[in-house]
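# Examination of the molecular architecture
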Amino acid sequence: MRQDASSTDDGSYHQNILHAIRSCRRKPLIQLYSFASPSSSLICASLNAVGASPLMSACAEEIPSALAVSSCVVFSTAQITPLTSDLILKAASLLSSSSLRGTDGSTSSERRPIPFVLDPVGAGLSALRLETCRKLVQLQPAIIKGNAAEIAALCNTRTEQQRGIDGDGSDAYTTAQRARDVGLANENCVVVVTGEVDYVVDHENISCVRGGHAMMSSVSGTGCMLAALLAAAIVASSNLPTPLSTHKTAEVLCTAVSACAQEVMNDEPTLGPEGFRAKLIDKMYHVSLSDACM
């Protein structure tokens, strides 16, 4: 079933998820693996702006201790090499094993599992990226977030090599349908297909999130930023009196970010990419401080 998240009457879609992130009793700590350097400052700034905390450990020896203190993890193939591929696969495997111990000495089986978000950057660009992403999919991410070209690659529907890491104009809704049909989106994994309109899909429903602004595509790292904020939103949702489903969590977060982007450009329509980047961070910061509805 297809649903427009921007027009739903469900109040949960209109709550301020950015404020919910800031209101967590314990600041969400988001471990980020394999993000490209140009995106790192935007990712860290956006998480800090909404009251979460980024951690970018890239050391294999630190994997157990870094994961033990993390609230959620994001695995990205933005800056992939055979070495980083091995690193993130080792970390993801440990997340799903019973040998990971928390800071209190508890094992994974004795406490709430640590979820992870997969950002399959340029999945269709090379065999290394695609194979790494497919192995991560098998480890059951909570959310997979990518543009239509990246998600199509994971669904085996691309007939040619992806050019770079940007979207290529592939139909996002058709890709969302395919993700559901082939089981990429399922009861345990929500897929977010980004584009001019974002689509959130699970094993039953496809929801579209309208709004936002074209300027988002002119700023490097906004897709990576969204993946990190989705991770923080998962943590925030689990701390609500009535937790949202992962599907609704993704819808709410995408709606909030789109609304912030639209408001920034409505207020200052002559902004360029760099000015927009700074204003977007400021907007998310101020919205997260307010307990008013979006």
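Summarised in this report is the structure supplied together with it. Along each chain, the written sequence defines residue order, and numbers are assigned to residues from 1. Given that the model is predicted, a residue must reach a pLDDT of at least 70 before its local features are reported, and side-chain atom pairs must reach 80 or more before they are shown or counted; all residues, however, enter totals for whole chains, interfaces and linings. Calculation of side-chain values draws on the structure's entire complement of heavy atoms; hydrogens and water are dropped beforehand.

### Overview of the packing of aromatic side chains
- Paired rings are identified among Phe, Tyr and Trp, the last through its six-membered ring, by centres lying within 6.5 Å, and are further divided according to the angle between planes into stacked (under 30 degrees), edge-to-face (over 60) and tilted (the rest). Counted according to the given criterion, the structure contains three aromatic pairs.
- Plain terms: the ring middles of Y33 and F75 are 5.4 Å apart, the flat faces sit at 15° to each other, and that makes the pair stacked. Taken together, the positions of Y33 in strand 2 (residues 29-33) and F75 in strand 4 (residues 72-76) put the pair 42 residues apart, joining distant regions of the chain. Comparing Y33 with F75, the two get one shared label, buried. Each helix is a run of H or I in the DSSP string that is no shorter than four residues. Each strand is a run of E no shorter than two, and both are numbered from the N terminus. Note on exposure labels: buried denotes an accessible area under 20% of the residue type's maximum, exposed denotes more than 50%, and partly exposed covers the range between, all computed with a 1.4 Å probe on protein chains only.

### Points about the pattern of salt bridges
- Salt bridges, as used here, are contacts in which a Lys or Arg side-chain nitrogen is within 4 Å of a carboxyl oxygen on Asp or Glu. Within the structure shown, the criterion is met by five salt bridges.
- Here K283 and E263 are joined by a salt bridge, their closest N and O atoms 3.3 Å apart. Of this pair, K283 sits in helix 10 (residues 273-289) while E263 sits in helix 9 (residues 246-267), and the two are 20 residues apart along the sequence.
- Of the charged contacts, one joins K279 and E268 as a salt bridge, the two residues approaching to 3.2 Å between their closest N and O atoms. With K279 in helix 10 and E268 in the loop between helix 9 and helix 10, this pair connects stretches of sequence that are eleven residues apart.
- Residue class for K279 comes out partly exposed when judged on its relative accessible area of 35%.
- Residue E268 is classed as partly exposed on the basis of its relative accessible area of 33%.
- Residues joined in a network through salt bridges with shared partners are E263, D267 and K283.

### Some points on the side chain of K145
- Mapped onto the elements, K145 comes out in strand 6 (residues 143-147).
- Think of a polar contact as two N or O atoms within 3.5 Å of one another; within protein, one of them needs to be a possible hydrogen donor and the other a possible acceptor, and neighboring residues in sequence only count if both atoms come from side chains. Reaching out from K145, the side chain makes a polar contact with the side chain of D119 at a distance of 3.0 Å.

### Points about the nonpolar core
- In this structure, I17, L18, I30, L47, L253, F276 and M284 are the most contacted members of the largest nonpolar core, which totals 57 residues.
- At the level of elements, helix 1 (17-22), strand 2, helix 2 (37-49), strand 4, strand 7 (190-194), helix 8 (222-238), helix 9 and helix 10 are the ones that each hand at least two residues to this core.
- Counting residues in each nonpolar core, the second largest holds 41 residues, with A148, V191, Y199 and C208 among its members. Joining through side-chain atoms within 4.5 Å is the link that ties buried Ala, Val, Leu, Ile, Met, Phe, Trp, Tyr and Cys residues into a set, and such a set is a nonpolar core.

### Focus: the side chain of D119
- In this fold, D119 is placed in strand 5 (residues 116-119).
- In contact with D119, not counting residues within four places along its chain, are F35, F75, S76, T77, K145, G223, C224 and A227. We call two residues contacting when some pair of their heavy atoms lies within 4.5 Å.

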